[in-house]
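Coordinate analysis (summary)
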Amino acid sequence: MRTRTSPLRRPITIRRAVAGDAKRLTRLVRGSAAYEGEYASAVVGYRVGPDYLEAHRAFVAVGADGQGGRVLGFYSLVLDPPELDLLFVDDEAQGRGVGRLLVAHMQSEARAAGLDRVMVVSHRPAEGFYHRVGAVRTGTVLANPPAVPWDRPAFEFRIPPE
């Protein structure tokens, strides 16, 4: 039996998301265990479409396998205003460093784009993750029912120059 915290043994590639990834990314978002129960309403009907992937800097973490790579996670960076819009890691890949790799990649992309900070509005179950990867809590975004019926923690990644 594999443990959730064992490192991934296969190489991981991070590449730009393409239109052909849209359905897999949508399934990853909708199937995330982090959005079960009270948080389910946030992802019901959510769609990561080809238009979204084209409009934003979206990147996919892909693990090597016999079928050309399994999507382990992805993120989307919005440049104006600077925001980490989406960050999802497949439930089975969580605890294995995929999220850290995606955050490091996002920070590199932000630096290359000339950004010195990137904000992220999270939900409570992901708060610990953002603390562990270096984000600083900046406040709380109040609930906006019916779309988002709970308060959300706001964070900021500070992007130092190289």
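Everything numeric here is computed off the predicted structure, so don't read it as measured data.

The subject of this paragraph is helix α1 (residues 22–30). Among the residues making up α1, those that are buried are Ala22, Leu25, Thr26, Leu28 and Val29. For α1, the arc enclosing every buried residue in end-on projection is 160 degrees, short of the 170-degree limit, so these residues lie on one face. Exposed and facing more than 90 degrees away from the buried side of α1 are Lys23 and Arg27.

Enumeration over the complete set of coordinates arrives at seven aromatic pairs. A ring pair is formed by Tyr39 and Trp150, whose centres lie 4.8 Å apart and whose planes are at 85 degrees; its orientation type is edge-to-face. Here Trp150 lies in the loop between β6 (136–141) and β7 (152–158) and Tyr39 lies in the loop between α1 and α2 (50–55), a separation of 111 residues in the sequence. Tyr39 sits in the buried class, given a relative accessible area of 7%. Judged by its relative accessible area of 6%, Trp150 falls in the buried class.

This next bit is on the layout of surface pockets. One water molecule sets the probe size; rolling that probe over the atoms shows where empty space is left. In this model, the largest pocket occupies a volume close to 960 Å³. Among the elements of the structure, β4 (82–89), α3 (98–112), β5 (117–121) and α4 (127–132) are those that each provide at least two residues to the lining of the largest pocket. Partitioning the lining of the largest pocket into residue classes produces 23 nonpolar, eight polar and seven charged.

Further remarks concern the pairing of β7. Walk down a regular strand and you will see the side chains alternate between the two sheet faces. Of all seven residues in β7, six are buried, a share of seventy percent or more. As paired elements, β5 and β7 share five bridges and run antiparallel to each other. Of the residues in β7, the one forming a bridge with Val118 is Phe157. As paired strands, β6 and β7 are joined by five bridges and run antiparallel to one another.

This part is about the confidence of the model for the chain. Atomic detail in the predicted coordinates should be set aside for any region of low pLDDT. Looking at the chain as a whole, the pLDDT averages 90, with 91% of positions reaching at least 70. Within the chain, the lowest mean pLDDT, 95, falls on strand β1 (residues 12–16), and the highest, 98, falls on β5. Below pLDDT 50 for its whole length, residues 1–6 participates in nine contacts with residues either more than four positions away or in separate chains.

Parameters and conventions
- Residues numbered from 1 in each chain as written.
- Predicted model: local features only at pLDDT ≥ 70, side-chain atom pairs only at ≥ 80, totals over all residues.
- Heavy atoms only, no water.
- Buried < 20%, exposed > 50% of the residue type's maximum accessible area, 1.4 Å probe, protein only.
- Helix = DSSP H or I, 4+ residues; strand = E, 2+ residues; numbered from the N terminus.
- Arc of directions from axis to C-beta.
- Phe/Tyr/Trp six-rings, centres within 6.5 Å; stacked < 30°, edge-to-face > 60°.
- 1 Å grid on protein atoms, 1.4 Å probe; cavity = no way out; pocket = protein on both sides within 12 Å on 5 of 7 lines; lining within 4 Å.
- Points joined across faces, edges and corners; volume = space filled by probe spheres on them.
- Nonpolar A, V, L, I, M, F, W, Y, C, P; charged D, E, K, R; others polar.
- Pairing = 2+ DSSP bridges.
- pLDDT = per-residue confidence, 0-100.
- Contact = heavy atoms within 4.5 Å.

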